[in-house]
Amino acid sequence: MDRFRIHGGFPLKGSVVAAGSKNSTLPVLAASLLLQGESKFKRVPGLRDVDTMLGLLESLDSSVVRMGDEVQIRVADSGRTSAPYEIVRKMRASVCVLGPLLARRGRAEAALPGGCVLGVRPIDIHLRGLEALGARVSLESGVIKAEAPRGGLQGAEIEMSGPRGSTVLGTANVMMAAVLAAGTTVLRGCAREPEIENLVAFLNSCGALIEGQGTDIIRIEGVSELRANLWTIPPDRIEAGTLLLAGAATRGKVRVEKVLSSELAPLSNQLLKAGVPVQIGEDWVEVDAAETVPQATSLTTGPWPDFPTDLQAQWTAFATQCSGLTEVQESIYPERFLHVAELKRMGASAGCESGRAWVEGPCALQGAPVIASDLRASAALVIGGLVAEGETIVKRIYHLDRGYEGLENKLVDLGAQVLREVDSESP
């Protein structure tokens, strides 16, 4: 098991290029199960979660060839329909194979998915949507089993929202099942995130007939088959946002290039409210906090286009360097504050309860050994280490590797002192 050794106190300076988006890559790779012919994907990030998804596709009798950031996938009409538990338990997005398998091969089985420990994240909306398309769905001993009717899936009107609002993976999963269903499917209460727009664009390029992406109502006209296509993965807005927040927290000047700057607007607007100068180009965003004392700015996370929950932990780390009281309300995953206790170990004046955290800054953070609890919490602790005086050891960075490609290399390119090393104390 690896860890990061960070010597903090150095402002980040320079420019880096954003990697391909994890949250766009995973559903697009799952969608390859729907396609006739050989799919080709470019700008595929080198991440643990991507490796897990590719391994899952191989377990379902798909041919997978990876060469650098390019991936080729060929899927047969028939083959295994059961996703192995030992793969699914590693990553929640594995559930995205249910819809494509059901549509292409008529049946699908998968263990209840794993991933980060972020509290209860039910998949009842996924299953309700598949049932509305005509599938027989059951849960037996922790395994989801779904089977299409003899005449295949049929279009339907389906409500996709739940108690916590829309679901990105649920929208993707049911939409992928519906593209090969007979007739018209209307999904209401859909997620509007850019990752859904990317998935729709990809499926349409393969012959699907989907409209309404970017709104909460998506209309799908079923087709008999989809043909494989070449697709380039868009840039990762969460990685880009993490790097920009690291630059702002260290009072540095950081530009992230080859991004979709419009997708970073929720963060850019919040940074501007905090008094951090932000420059925005066609395909780049830059923060310049060298001459700035950031001001405390409270926020509430929410679905697109609100502030993303996947940047909440990193913002909380940045808030330790802001003057005044920052309050962060988490509306998506109220339990997503495990990083707060670790930041307090570093000297942060902070606390959390009932889906809300607060930070009184600026805080003079001190290096300390900390333990990462999930993917985005890992990034928050890295930002804390970059700011802190002295040495910080961030343990269990396998969480980080699920969603950041070579993060330490990009930070070093920006002037940070970050070393990846084997954790001899890990079991």
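It should be noted that the structure appears before, not after, this text.
Remember, it's a predicted structure, so these values are computed and weren't measured experimentally.

Reading the values: the criteria
- Residues numbered from 1 in each chain as written.
- Predicted model: local features only at pLDDT ≥ 70, side-chain atom pairs only at ≥ 80, totals over all residues.
- Heavy atoms only, no water.
- Pairing = 2+ DSSP bridges.
- Helix = DSSP H or I, 4+ residues; strand = E, 2+ residues; numbered from the N terminus.
- Axes fitted to C-alpha atoms, helices over the stretch in contact; angles between N-to-C directions.
- Contact = heavy atoms within 4.5 Å.
- Phe/Tyr/Trp six-rings, centres within 6.5 Å; stacked < 30°, edge-to-face > 60°.
- Buried < 20%, exposed > 50% of the residue type's maximum accessible area, 1.4 Å probe, protein only.
- Core = buried A, V, L, I, M, F, W, Y, C linked by side-chain atoms within 4.5 Å.

J.: Help me out: how do you make sense of the sheet that holds strand β19 (residues 284–288) in this one?
T.: Backbone-to-backbone hydrogen bonds join strands into a sheet, with any given pair of strands oriented parallel or antiparallel. Overall, mixed pairing links the four strands, which are arranged β2-β17-β19-β18 in an open sheet. At either margin of the open sheet sits one strand with a lone partner, and together these are β2 (13–17) and β18 (278–280). Looking at each pair of strands side by side, their axes are set apart by 15 degrees on average, direction ignored. Here β2 pairs with strand β17 (residues 253–257) via five bridges, running parallel. Bridge pairing in β17 places serine 15 opposite arginine 255. The strands that helix α8 (residues 237–249) touches are β2, β17 and β19; relative to β17, the one it contacts most, it runs at about 170 degrees. Of the strands in this sheet, β18 and β19 touch helix α9 (residues 265–273), which is tilted by about 150 degrees from β18.

J.: Looking at this model, I keep getting lost on the packing of aromatic side chains. Mind explaining?
T.: Any aromatic ring pair is given by two values, namely how distant the centres are and how the planes are angled relative to each other. Going through the model one piece at a time under the given rule, you end up with four aromatic pairs. Each ring, one from phenylalanine 307 and one from tryptophan 315, has its centre 5.7 Å from the other, and the planes form 75 degrees; the classification is edge-to-face. The pair phenylalanine 307 / tryptophan 315 is uniform in exposure class, with both members buried. Three or more aromatic residues joined by ring pairs form one cluster here, namely Phe41, Phe202 and Trp231.

J.: Explain the nonpolar core to me, please; I cannot follow it from the model alone.
T.: As a rule of thumb, soluble globular proteins bury nonpolar side chains together. In this structure, Met175, Leu203 and Leu226 are the most contacted members of the largest nonpolar core, which totals 75 residues. At six residues, the largest contribution of residues to this core is made by helix α6 (residues 168–178). In this structure leucine 226 touches Leu34, Leu35, Gln36, Val179, Leu180, Leu203, Cys206, Gly207 and Ala208, once residues within four positions along its chain are discounted. By size, the runner-up hydrophobic cluster in this structure holds 66 residues, among which are Ile238, Ala249, Ala372 and Leu414.

J.: Got a minute to help me understand the side chain of asparagine 198 in this structure?
T.: Here asparagine 198 is to be found in helix α7 (residues 194–205). Classification of asparagine 198 as buried rests on a relative accessible area of 10%. Once you skip the residues sitting within four places of it in the chain, asparagine 198 turns out to touch Ser24, Val28, Trp231 and Pro234.

J.: For this particular structure, what's the right way to read unusual backbone geometry?
T.: With glycine set apart, most residues show a phi of negative sign, and most peptide bonds adopt trans. The linkage connecting tryptophan 304 with the following residue, proline 305, adopts the cis geometry, with an omega of 10 degrees. Following the sequence through the fold, proline 305 ends up in the loop between β20 (299–300) and α10 (312–319). In this structure, proline 362 follows glycine 361 across a cis peptide bond, with omega equal to 0 degrees. Of note, aspartate 61 is a non-glycine position whose phi angle comes to about 65 degrees, a positive value. According to the relative accessible area criterion, aspartate 61 is partly exposed, its value standing at 33%. At serine 141, a position not held by glycine, the phi torsion is positive, near 50 degrees. For serine 141, the position within the fold is in the loop between β9 (136–140) and β10 (143–147). What makes serine 141 exposed here is its relative accessible area of 82%.

J.: Mind showing me how you'd approach the environment of glycine 252 here?
T.: Its place among the elements puts glycine 252 in the loop between α8 and β17. Between the alpha carbons of glycine 252 and leucine 199 there is a distance of 35 Å; along the sequence they are 53 residues apart. Apart from residues no more than four positions distant in its own chain, glycine 252 is found in contact with Pro11, Leu12, Gly247, Val287, Asp288, Ala289 and Ala290.

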